[in-house]
Amino acid sequence: MAEPTRPRFYVASSEPAGAVTSCACGNFFRPTERNLAVAKKDQLDIMGFASEGVKIIATTRTSSAISRILTIHPSWAKNDLLFVLMINYDVLMLELGTDGTHRPYIRTVAAGSVQDKVGRVTEQSNQVAVDPENRCIALHIYDSLVRIIPLKDTAEPKEIESFNMRVEECNIGSIVFLHNAARPTLALLHKDLYGTHISSYEVDFQEKELKPPKNKHVELKNLENDTISLCSVPGTNQGVIACGFNTLTFADVDGVGITAGVKKENRGLGIAYALLHDSPTGTKFLVGDLSGALHVIFLKKTPSEKSGHAQVVECGVISLGVLTITSCLAYLDNRVVFVGSRLSDSMIIRLRDDPNPETGNLFDVAETISNIGSITDFSLVRSDNQGTQPQMIVCSGMGPGSHARIVRSGIGMQETTSLDAPTGRQIFALNSQSAAFGPHDWLVASFLSETKVLRMENEVGEFEDLIDVGAFVLNDSTQLAAKVNGLIVQVTKKSIRIIVPGELTLKEEWFPSDRSHQITSAAFHNNQVVAAAFDTLLIVDLASNSTGSRFKEIKLDDQISAVDIHSFTPGEAAEYIVVATWKMDLVLLSAPEWKRSATVDLNTDVFARSVMLQELDGVDYVIAGLGDGSLQYFVLDKIKGKVNQPKRVSVGTQPTYLQSFVARGTTNIFVCNDRPSVIHSSGRKLVFSNVNMKHVYAVCQLNSSVYPNNLAIITETGLVVGKMDEIQKLHIRSISLPGTPRRVACQPETGTCGFIVMQNPMEFDVDAAGDSEMIEEPEEPPAKFGQMPAQKFLVTDQTNYQILATFPLLPDETSMALASGNLGNDPRTFYIVGTGISKKDEKECTNGRILVFQYVDKTLSIVCDAKTRGLPTHMEIFKGKLLVSIGSSLKLMNWNEESQELVTETAMTQFIMPVFFKTKGDFILVGDLMRSISVWLYRSAENKFDMIASDPFARWPTSAEFIDDDVYALMDDYGNLLFFRRETDPASGDRSDLTEVAAINFSDTVNLIRKGTLLPDTAVTERPFADGALILGTQAGAIMHILSIDENTYQLLKQLCDKLIRNIIPFGRVNPEKYNTVQRHAGSVVPAYGVINGDLIEMITTMSSEEVHELIVDMKDASNNPVTVEQVTRIVEDLARSH
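Read on for an overview of the structure. (Residues numbered from 1 in each chain as written. Predicted model: local features only at pLDDT ≥ 70, side-chain atom pairs only at ≥ 80, totals over all residues. Heavy atoms only, no water.)

## Quick notes on the pattern of salt bridges
Which entries qualify depends on this criterion: One speaks of a salt bridge when a side-chain nitrogen belonging to Lys or Arg is within 4 Å of a carboxyl oxygen belonging to Asp or Glu. Under the scheme used here, helices are H or I runs from DSSP no shorter than 4 residues and strands are E runs no shorter than 2 residues, and both carry numbers assigned from the N terminus. Categorising residues by exposure relies on relative accessible area from a 1.4 Å probe, with only protein chains included: less than 20% of the type maximum marks a residue as buried, more than 50% marks it as exposed, and the intermediate range marks it as partly exposed.
Summed over the entire model, instances satisfying the criterion amount to 51 salt bridges. For E1047, the salt bridge is made with R8, and the minimal N-O distance between the two is 2.8 Å. In this pair, E1047 sits in helix α2 (residues 1047-1064) while R8 sits in strand β1 (residues 8-15), placing the two residues 1039 residues apart along the sequence. Accessibility expressed as a relative area gives 27% for E1047, which makes it partly exposed. Note that E961 is salt-bridged to K918, the shortest N-O span being 3.2 Å. Taken as a pair, E961 in strand β82 (residues 957-962) and K918 in strand β78 (residues 914-920) lie far apart in primary sequence, 43 residues in all. Accessibility classification places E961 together with K918 in one group, the buried group. Taken together, the salt bridges that share partners define one network made up of E813, R849, D865 and K867.

Shown next, in the form of structure tokens:
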């Protein structure tokens, strides 16, 4: 029997990770230019500062997720360098610069590894510190070891060399190098059985040891037990600050010791800090705490006669306000600070001297950088008002700044007003006044045999249908209405009319030489107008300085279906006219004589309804919208007047019309048909984004006093005026809830969403003895240490997300499970909440309940309150019954409609702790916390479950999902994405082991995988890669899709991956086999296989054709033929559009 074909997969991010793990500021490009480096999982962004805010200058990906980045400046370096530590313990030194064309680059100066084969990885986070004089870097990764990387004085190293130094201290929480030390001196914050202490050591490079300083040194014993970090103080004699919950302690080698009490609202200092100011009289640090507040630690200094350095005489803390739980801070310049966060949005803030009158904070938020991590739950929703466009409701974040997020693909319209009117075929916005320039006051709508003119009044939604418009023709359709060189141009089926604005009198009029021919298409550019009548072009030049005849006719060989005129040089006369003919070709005419320079066969049996010449992102395009809903575009060489090979894209099923518009200073193209979209450019490549509207017939730019920067759109129902959302792949909207959302379930039947919300974040009150308890917050009962904060069940409207009903849980009650649906034959739709009730003397929850709610008319009522012996961790409606995991069992509960009770019918008990499960037909896929996944079959006739397959290895799964009946995807706690296949037939009753068929590591944790996609249904049917897709959300805030691909596509993309890693991406000279390596539970790693990293592959879309051609040299396809640029680009673009 032949072996079945192995499944192959493609995994790519629709929304990249937004959680910021580390940041650094430095002069990376030149000594006078300050830049910000931000690490987000495996992506490194280099940002610059502009008047409109920060912007990404360069970006790259690393071979593993980034743990820390630091700014270093070895003596041999011209500018600052970046030191990068990754979670697989590879280290890089990166140089940033610009090439001859001023394009930024990132170069790996040196690379190495600090991994130790015999060391025990510390339970604390990785600690990294750089000597203030750039003599060395210290890393604490393994217990009792500090690894030192010397920064040589002589020349640029080829490899990063390092060595270990043993220390007696084990539980090290923070390390810093001290300022003004003759030798590099390292201070350690550590704990033992007797308390928390600070020790210091000098680095001896010759003997490769850490030695106590020969003279005086910093040493403090028995600090506050919850001191969490150290901060080195510049300008002092090896001074250091220890940040604790109740105290702030400063010490230096001169014996100065100052302790300041920390107010209750300032506690938890030190999880991130940045130097704000340093002078001989004082030093200020910005620090973040565990509750999301920002503070300033200030130190007052005076000159010291002993050491010649400043001496600290006072220290204290000033609270600035609450923002977000920080992961890193960087002071940029001019009181501007970058606040990075893993748990909510990162922000750029500007410090203030006085409180903000609205927020009371001593800072203003200048810019918000979106991060939807950490994603704990999400739901995919479709409703009537969204049509076939799905959206994702996400529970994300923790503490201040946590939100429910609404994520959808495509571009939305923020409607300003609408008008019920017959469906027109074209629309134009016009300034009818005598001034050459000014806001639009007319909307001209063209119908089959008439034209309507609507005058916009001074209030939104008010239009006047004009009857008397002078020489402007209303009893014929209008092909073009525009203001050209201060004159109104109206092109009708019969003629080109020039009308004096204001007076609305006819100045000139031109007809086709054969008046039996109707004008079917028209366009203009600057002062030139072109119209098409059968096989003749009519060209009118309205420039005031034009010489010769202002009107010209050019006869072509074939009937014309569409025309456009354009100049790629701003402000100049038109350079090209493009004509689409009924011969199914495009003809390119070049100025000034309008001679034919190129003819392109569209290779189709339908003619073009619309053509366009347009420059996008520095690339000149010829674009044709065809009658079958497809679109062809060409890159134009405007010097030679030639075009390259066409690319064909299906954008709908009805005739396609094109219209350019400007949004936020960038030119884009609106595609009008039954599946409207917007064409924009990213990385000099065209990107097609769906517009969340139904059939659009015509669109025009509208900029009036009442409707500034709007679009006027003709739809099936009439006229819509509105603003377009920012053009990007995914749109994210934040919904504020009273707390941190943890679970979500949607109920389309009632148009509502249910949320489990954690009300107050964990904040600790720590006294001097080290005892801990939660801080009491207003209007909430005090929570005790080790307990979850109070929780609520909320019901919100699914449209505006206003809270409709609230049910508070008990003080010791927590919820992890939420479901919605119908039970049995009961016509009512229920929300079902599973909770656990904890007790002080219990190590694990042994009591809980299942609450069945019904929501009707803004009232939430309890229909059933069923007691359970344990905490329900997951619930789903399965065949009209409730399937729920409690403790070590999976129970199937039936709904008794008469008694309004849940009754247990059968149970599966062969688990340690089933933390999740998924259902598909009669199959159940169960994830067991300390084992792996197993597949069960429900036999309804016998009302029992049989295990039909299982994975025998311990995986520590976090989520899983069906790909089909026999193939499953699993995420584990190591960041691995694994795929399994079941080999045997369930009808035979035989059990089998699940076979691992593909694996990859993304260095991220996934809490949930679901079947589905954010693409509309119409897009899924047209893109075969999108069929059967899975969607997942990660802790780092990425939204990823898993797509199935065939073997030939996999082999081609695998070659491309290896080429990218070896030749293009500065991964620190990593071997391709080491990229995305799979982490096994025993600490071993194996190369990824069977899965393609789409984020890496899609970097192709930002490369030029020449770069792609150089990259794919020697690549072969399945038939052993050389691979072409067009072939690779088409596959990658198809995949990119499928998620």
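## Let's talk about the sheet that holds strand β38 (residues 463-466)
Strands in a sheet are paired, the pairing made by backbone hydrogen bonds, and the direction either parallel or antiparallel. This is how the line gets drawn: For two strands to be treated as a pair, DSSP must find at least two bridges joining them. Only the contacting stretch of a helix is used when fitting its axis, a line to C-alpha atoms as for every element, and angles between N-to-C directions run 0 to 180 degrees.
One open sheet holds the four strands; their spatial order is β35-β36-β37-β38, and the pairing between them is antiparallel. Two strands close off the open sheet at either side, each with one partner strand: β35 (426-430) and β38. Going from strand to strand, the sheet's axes swing by 25 degrees on average, the running direction of each strand aside. Note: strand β36 (residues 442-446) against strand β37 (residues 451-456), five bridges, orientation antiparallel. Its bridge partner lying in β37, W442 is registered against R455.

## Focus on the nonpolar core
Generally speaking, a soluble globular protein has its nonpolar side chains buried in company with each other. Quick reminder of the rule: Residues belong to one nonpolar core when they are buried, are Ala, Val, Leu, Ile, Met, Phe, Trp, Tyr or Cys, and are joined through side-chain atoms within 4.5 Å. In this description, contact between two residues means that some pair of their heavy atoms is separated by no more than 4.5 Å.
Counting residues in hydrophobic clusters, the biggest one holds 31 residues, and the most contacted among them are W442, V444, F472, V489, V491 and I496. For this core, the secondary-structure elements that each account for two or more residues are β35, β36, β39 (478-484), β40 (487-492), β41 (496-500), β43 (519-525), β44 (528-533) and β45 (536-541). Excluding residues within four positions of it along the chain, V489 makes contact with L480, A481, A482, V484, I496, R497, I498, V529 and L542. If you look at the next biggest cluster of nonpolar residues, it comprises 30 residues, including A12, L1043, L1060 and V1128.

## Describing the pairing of β43
Counting buried residues in β43 gives five out of seven residues, a clear majority hidden from the surface. Here six bridges tie β43 to β44, and the two strands are oriented antiparallel to one another. In the sheet register, F524 faces β44, and the bridge partner there is V529. In this structure, the hairpin formed by β43 and β44 is closed by a connection of two residues, where N526 is found at a positive phi of approximately 50 degrees.

## Section: the state of the cysteines
The test is simple: Cysteine sulfurs are considered disulfide-paired once they come within 2.5 Å of each other.
With the rule as written, the count across this model stands at zero disulfides. C243 provides the cysteine sulfur closest to C231, a residue in no disulfide bond, and the two sulfurs are 6.4 Å apart. The class of C231 is buried, set by a relative accessible area of 3%. The cysteine C864 is free of any disulfide, with C845 supplying the nearest cysteine sulfur at 18 Å.

## Focus: the environment of S1104
Looking at the element boundaries, S1104 is found in the loop between α3 (1094-1097) and α4 (1105-1111). Separated by 21 residues in sequence, S1104 and V1125 have C-alpha atoms that sit 10 Å apart.

## Digging into the pairing of β38
Pairing geometry for β37 and β38, over four bridges, is antiparallel. From the neighbouring strand, L454 faces β38, where its bridge partner is D465. Here β37 hands over to β38 after six residues, with G461 in that stretch at a positive phi of 90 degrees.

## Focus: the environment of A817
Mapped onto the elements, A817 comes out in strand β70 (residues 813-822). As a C-alpha pair, A817 and V884 span 67 residues in sequence and 8.8 Å in three-dimensional space. The contacts of A817, once residues within four sequence positions are left out, are I832, V833, G834, P872, T873, H874 and M875.

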